[in-house]
Each structure stands twice: as C-alpha cells, then as structure tokens.
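What follows is each chain in one-letter form.
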Amino acid sequence: MVLPHSMPLVPLPASSIAVDGRLPVSDGLRVIGDSPAAAQLIDAVARRSGIRLSHSTDSDGAGDGVASTIVLRIDPTTAPEGYGLTVGDSVEIVGGDEAGLFYGMQTLLQLLREDDEGWAFLRAEITDAPRFARRGVMLDVTRHFFDVDEVKKFIDSTSALKFNHLHLHLSDDQGWRIQIDSWPKLTELASSTASLGDPGGFYTKDDYREIVAYAAERHMVVIPEIDLPGHTHAIGVAYPELVEDPVMNDSLIAESARLGQPLPVAGEPYLGWGVGHSSVRIHEERTYEFVRDVVRELAEMTPGPYIHIGGDESLGTPQADFDLFVERATAIVFEEGKIPVAWHEVGAAKDIAEGTIGQYWGKTTPEGSHAEEAAHFVERGGALIMSTADVAYLDMKYTEDFPLGLTWAAIIDVRRAYEWEPTAVLDVPESAILGIEAPLWSETTRTLSEVEQLVFPRAAAQAEVAWSPHDADGRDWESFRERLGALAPLWKAEGVDFHPADEIPWSER
Ligand code: TNX
C-alpha cells in the first residue's frame, strides 16, 4: 500500500487509499451510465490519451466481451457534491448527485497516467465531499474583455478543480460588458474600450445565457456583478446624467503619474488602472430606476440565486450617501427575487438588507474597519465569502519580478496561496463562513493565456483550501506541492498555460 497523499490528487480527497497496481486504459474499457459526466469523461480521456472509451447508457451494455467497465451512478444517500470512487479491475463512481458524479469523474481523470506500459488509471479507494459549499473564482472581464469561448475555457479549467461558483465582474470604470435592453447605450457607447487602450467587447443576452448554461453543465453557478456606486465611470460615458464628475484622490493622482496614465475625464472612456474616482448620483431617483432595470434584466437571465452589486472603493462618495445607496440597492436585489452579494465595505451601512452576503477582500490581518464591516453582514443575518487579498488574490505577482500582476496586497507565491485558513481571519462564527472565492482582476492580463499564468497553479491551492478537510492526512504544503506537480500533464493536455513556479516539482507525465 502507498501513502494516500502520494496519489496525484488536487484538491486532496476527504479520504483516500491508494491500492497497488494499475487498470489499463484501452478502447475496450466501457463507460456505463447516462449522466452527462459519462460523455464528459470519454471526451476528456480522448483529449488526454487519444483513446476513445466506448459508452453504453444502461447496464445491459456491460456484457458482450467487454473486459472492464466504468460505472457511473447516483446514490442519494451520498453527500451533496460528494462521491465514492473505486478503481480496481473496474471503476465505479457513485455520486450523491450529478455534481458528485462530475467531481468523481474529475478525480478519476487525475488518476489517468501514462507509464512505460501505456495509459492506465492508478488504483484507489476514495470517499470524498467538500468542506465548504462555496468554492468560487472571479474573472474580471472589464479591465480586459474575454469572449464566450475564453470564458468557457476558464470554466473548464476551474470546474476541473471542483470550483462551483463563477463570479463575473461585468462593469467597471473601463467598460460595461452586458447587454441591457432598457439602457441600450451602455453597450453601444461604453463597451468598446478596455484598459491600456485594448479593444473591449460585451456579452449579448444570448452570449451570457450560453455562458450560464455551459457553467451549469460543469456545476458552476454564475454570479453576475454590476459594480456600484463606485467603479461606474463607464456608465457615465453612456448616460452622463447618472454619474458624478470624477473625484481625484491622492493615490489616483500619484499612481497615474507613476504609470504614465491620464486622469479620468467625465464622459470620456477611462483606460487607466486608477480606482475610487467615480460614483453614480445617489440623490437622483433616476439612478434607482437604472439600478432596478439592470438588476431585473440580470435576474431574468440568471438562474442562480445571487446578484453582486459591488460596493468596493467608492472613495469619492460621502459615507452617508454611500450608506443610503447600498441600503436601497441591496433591498432592490431582494425585491427582484435574488440574494445580494457585496464587497465588505457595504457592511459599513447599518441598514443593509437582511441576508445580504458579504465578500471580504481585506488581509489575513484585517486593517482599519474591514473586520467590523464584514461582521455586520453576519449581524444582519447574512454570511461571508472569503477573498482574503494577501493570500487568495490571483492577480498578485508570484515574485517581485513576475511580468504580470499587481503587488498592492502582497507578493503571493504558491506556498503563501496555500497556507491560510478561511475561518481564522475574522472574529465571526465558523458557520458564517460560506467558503472562499479567488478573484482574478485583469488590469495586467491582456489575453486568456496571461490570465491562466496568474490563475494556475494558485487556483489549485485555493481549491484545496476550499474543498479538503482541514485535518485530512496529507493536507499540508509538502504533500500538496508533490500532488500539484502531478497536474502538469493534465494542464498541458488541456492547453492550460500554467506558470511553472519553481517551488513545485513538475512531472513530465
Ligand atoms: C481592488 S478588491 C479592487 C479592484 C482592482 C483590484 C486589483 C476590490 C473589491 N477592488 O477594483 O481591480 O484591487 O488588485
């Protein structure tokens, strides 16, 4: 018997036993089951090995000279999203639900290896279920735009690590990225630009629905974000009457000078990286008509329960105005039938709608009023998502000299991304922590390949923080780096442009 954590699995399963030996993979191996995960397995094995497994949708297909089978079936007594996986002379995946089958299938794909005798699955006995129900990633499509196919590829690579929420940051100072029929100038006038003068873009409603459906097939819930009341310069390019004139702050002026970027000008596209200068007009009723229309149209095309209303870095908005605005905006989201999610600053407002979910983006040692603001969501009957910036932000540099990314929160190498505990940051009950989300802000990433270099491998560290039991045997850095190294051939086969960080012993096959 081999040690459990020497199996090449990330995130580490709740319980796993490696069994000696291998199960050869050939086109004589038959997949049995009518779950979508069966077809997804066959396609993934073919992409990786060139071998196309046969398929039958019912167990009658098991006989007729087939040596071995891979059976996928649901057993509702297994935990939600959980699964059991046995690889012996045959393979059995028993999921608690379709998501569980999908995750069992992803684990099986990590056991697929090529050795001197050819392709085989490593033998194992695994029982698994997630620690946190919330395991999210965020993609900022505003500072740079990523089209539908690129978002699909991002969904493929992150859902394979058992992430189950995709937060899309759809509006910011640099561009508006989603069709809204009642306010057509948003996409007509405010979507064509992006940071650094790069081309923008937007999703039509059909594009967005296509993304949502693709994510659902991979068990990811899409959370759309419209960032308010700050980060709204682009809205003013389309509808100047909704937005205040830019308010320059010292760090905006200093940063813009350092980067050689012009300051924002009302009504003109803003292409720099500055934050905190824009605000919608809080005392105009028209603003709330706008918010309601946008939330309503987003809610109509979003089957998931959440709408994110932003709330970060409204540095130019007076506090009383900010409070008034977020209290009304969180209420509007509930009135339109969804649960509001907001960045932690929104917790400064006393009367945010009860049940609003907060997203903490402060540091592992909270600064200023961040911890209090986050705790207020819990006092109001809500809960928290941890996006702790100095460990979980995917847009920070790995090393001082890494060509992509920013540095304001921390330099985050893979070990730092791995070694943190989501329940130890804030002074709130553990049950108030829904889980984590790892955001990728796209100021510096102009292509999906650049996004992937920042996201992988650190997203794998966040996946393990979110999925694996804190005290499981092998849930430690030395084990993780070995297991992570074994993902290299999978990522190469899927065309994922990961950063080969030198902390990790990457394997060839
Ligand atoms: C802060 S953290 C932001 C974003 C930037 C990011 C860059 C947060 C909620 N807002 O506007 O893109 O830093 O790291």
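Conventions we followed
Residues numbered from 1 in each chain as written. Predicted model: local features only at pLDDT ≥ 70, side-chain atom pairs only at ≥ 80, totals over all residues. Heavy atoms only, no water. Helix = DSSP H or I, 4+ residues; strand = E, 2+ residues; numbered from the N terminus. Rg over C-alpha atoms; globule rule 2.2 N^0.38 Å. Buried < 20%, exposed > 50% of the residue type's maximum accessible area, 1.4 Å probe, protein only. Contact = heavy atoms within 4.5 Å. Areas by Shrake-Rupley, 256 points an atom, 1.4 Å probe, with all protein chains shown as cover. Lys, Arg positive; Asp, Glu negative; His and termini not counted. Charge placed at Lys NZ, Arg CZ, Asp CG, Glu CD. Phe/Tyr/Trp six-rings, centres within 6.5 Å; stacked < 30°, edge-to-face > 60°. Pairing = 2+ DSSP bridges. Axes fitted to C-alpha atoms, helices over the stretch in contact; angles between N-to-C directions. Core = buried A, V, L, I, M, F, W, Y, C linked by side-chain atoms within 4.5 Å. Near = heavy atom within 4 Å. Polar contact = N/O pair within 3.5 Å; in protein donor to acceptor, adjacent residues only side chain to side chain. pLDDT = per-residue confidence, 0-100. Parallel < 35°, antiparallel > 145°, perpendicular 65-115°, else oblique. Left-handed = near helix turned anticlockwise from the far one by under 90°. Nonpolar A, V, L, I, M, F, W, Y, C, P; charged D, E, K, R; others polar. Right-handed = clockwise from strand over helix to strand, strands pointing away. 1 Å grid on protein atoms, 1.4 Å probe; cavity = no way out; pocket = protein on both sides within 12 Å on 5 of 7 lines; lining within 4 Å. Points joined across faces, edges and corners; volume = space filled by probe spheres on them. Domains from an automatic or database assignment. Buried area = accessible area lost by both parts, 1.4 Å probe. Salt bridge = Lys/Arg side-chain N within 4 Å of Asp/Glu carboxyl O. Expected span 1.5 Å × (residues − 1).

Draft legend 1. Representation of the overall build of the chain within the structure. When you go through the chain residue by residue, the secondary structure sums to 16 helices and 18 strands. For 509 residues, the compact-globule formula gives about 23 Å, and the C-alpha radius of gyration of the chain, at 23 Å, lands near that figure. Its C-alpha atoms put the chain at 75 × 45 × 45 Å along the principal axes. Counting over 509 residues, the chain shows a buried share of 61%. The long-range fraction of contacts in the chain, counting pairs at least 24 apart against all pairs at least 6 apart in sequence, stands at 73%. When the accessible surface of the chain is split by element, carbon and sulfur atoms take 51% of a total near 18,500 Å². One finds the centroid of the 40 positive side-chain charges in the chain at a distance of 3 Å from the centroid of its 85 negative side-chain charges.

Draft legend 2. View of the packing of aromatic side chains. Under the defined criterion, the tally for this structure stands at 19 aromatic pairs. A centroid spacing of 5.8 Å and a plane angle of 85° characterise the contact between Tyr 393 and Trp 408, whose relative ring orientation is edge-to-face. One end of the pair, Tyr 393, is in the loop between α11 (389-392) and α12 (414-418); the other, Trp 408, is in the loop between α11 and α12, and 15 residues separate them in sequence. Judged by its relative accessible area of 3%, Tyr 393 is buried.

Draft legend 3. Inspection of the sheet that holds strand β10 (residues 165-169) at higher detail. Here 8 strands make up a closed barrel; going around it, the order is β9-β10-β13-β14-β15-β16-β17-β18 and the pairing parallel. With strand direction ignored, the average angle separating the axes of adjacent strands in the sheet is 30°.

Draft legend 4. Fine view of the nonpolar core. Among the nonpolar cores identified, the biggest contains 118 residues, and Trp 176, Ile 178 and Tyr 203 are the most heavily contacted of them. No other element matches helix α8 (residues 285-300), which puts 7 residues into this core. In contact with Ile 178, not counting residues within four places along its chain, are Leu 170, Thr 187, Phe 202, Tyr 203, Tyr 208, Ile 226, Leu 298 and Met 301. Judged by nonpolar contacts, the second largest core, of 36 residues, contains Leu 29, Tyr 103, Leu 112 and Ala 124.

Draft legend 5. Looking closely at the site of the ligand. The ligand sits among 14 residues. The nearest are Arg 143, Tyr 393, Asp 395, Trp 408 and Glu 443. A distance of 2.7 Å separates an oxygen atom of the ligand from a polar atom in the side chain of Arg 143. Within the side chain of Trp 408, a nitrogen or oxygen atom sits 2.7 Å from an oxygen atom of the ligand. Notes on the ligand: free accessible area 370 Å², of which the protein chains cover 98%.

Draft legend 6. Inspection of the confidence of the model for the chain at higher detail. With 97% of its residues at a pLDDT of at least 70, the chain reaches an overall mean of 96. Per-element averaging of pLDDT across the chain places helix α7 (residues 250-259) at the bottom with 92 and β10 at the top with 99.

Draft legend 7. Summary view of the packing of helix α3 (residues 148-159) against helix α13 (residues 448-455). The contact between α3 and α13 brings their axes to 11 Å, and the two run at 20°. Judged on the interaxial angle alone, α13 and α3 are roughly parallel. Crossing hand, α3 versus α13: right-handed. Facing Glu 150, Lys 153 and Phe 154 of α3, the residues of α13 in contact are Leu 448, Val 451, Glu 452 and Val 455. Of the residues that constitute the contact of α3 with α13, the class distribution is 4 nonpolar, no polar and 3 charged.

Draft legend 8. Up close: the pairing of strand β15 (residues 339-343). Across the 5 residues that make up β15, a large majority, 4, are buried. Here 3 bridges tie strand β14 (residues 306-310) to β15, and the two strands are oriented parallel to one another. Looking at the pairing, Tyr 306 lines up with Ile 339 of β15. As for the winding sense of the linkage, the β-α-β connection from β14 through helix α9 (residues 319-335) to β15 is right-handed. Taken together, the 3 bridges between β15 and strand β16 (residues 357-360) define a ladder with parallel strand orientation.

Draft legend 9. Just empty space enclosed by the protein, in detail. Applying the stated rule across the entire model yields 1 cavity of 30 Å³ or more. Its volume calculated, the largest cavity comes out at about 30 Å³. Looking at the largest cavity, the residues that line it are Asp 173, Gln 174, Gly 175, Leu 189, Ala 190, Thr 193, Ala 234, Val 237, Pro 269 and Tyr 270. Of all the elements in the fold, those that place two or more residues in the lining of the largest cavity are α4 (185-190) and α6 (233-238). Residue composition of the lining of the largest cavity, grouped by class: 6 nonpolar, 3 polar and 1 charged.

Draft legend 10. Seen up close, the domain arrangement of the chain. When cut into domains, the chain gives domain 1 (4-128) and domain 2 (134-469). Centre-to-centre, using C-alpha coordinates, domain 1 lies 36 Å away from domain 2. Listed as interface residues are 15 residues of domain 1 and, on the opposing side, 16 residues of domain 2. Summing the contributions of domain 1 and of domain 2, the shared interface buries around 1,300 Å²; its carbon and sulfur component is 56%. At the junction of domain 1 and domain 2, the tally comes to 1 salt bridge. Between Glu 81 and Arg 135 there is a salt bridge, and its shortest N-O distance comes to 2.9 Å. Put simply, domain 1 and domain 2 have 8 residue pairs in polar contact (both at pLDDT 80 or more) between them. For the side of domain 1 that touches domain 2, the element with the most residues is helix α2 (residues 98-110), which contributes 7 residues.

Draft legend 11. Examining the pattern of salt bridges more closely. In the structure shown here, the tally under the stated rule is 35 salt bridges. Residue Asp 116 is joined to Arg 509 by a salt bridge in which the shortest nitrogen-to-oxygen separation is 2.6 Å. Residue Asp 116 is found in the loop between β7 (112-115) and β8 (118-128), and its partner Arg 509 is found in the segment after α16 (488-493); the two are separated by 393 residues along the sequence. For Asp 116, a relative accessible area of 75% corresponds to the exposed category. Three or more residues are tied together by salt bridges with common partners; here these are Asp 140, Arg 143, Asp 172 and Glu 443.

Draft legend 12. Quick peek at α3. The terminal C-alpha atoms of α3 lie 16 Å apart, and with 12 residues this matches the ideal 16 Å at 1.5 Å per residue to within 8%. Among all positions of α3, only Val 148, Val 151, Lys 152, Phe 154, Ile 155, Ser 157, Thr 158 and Ser 159 are buried. The inward-facing, buried residues of α3 abut α2, β9 (134-140), β10, α5 (205-217) and α13. Two or three places before Asp 149, at the opening of α3, Asp 147 has a side-chain oxygen 3.2 Å from that residue's backbone nitrogen.

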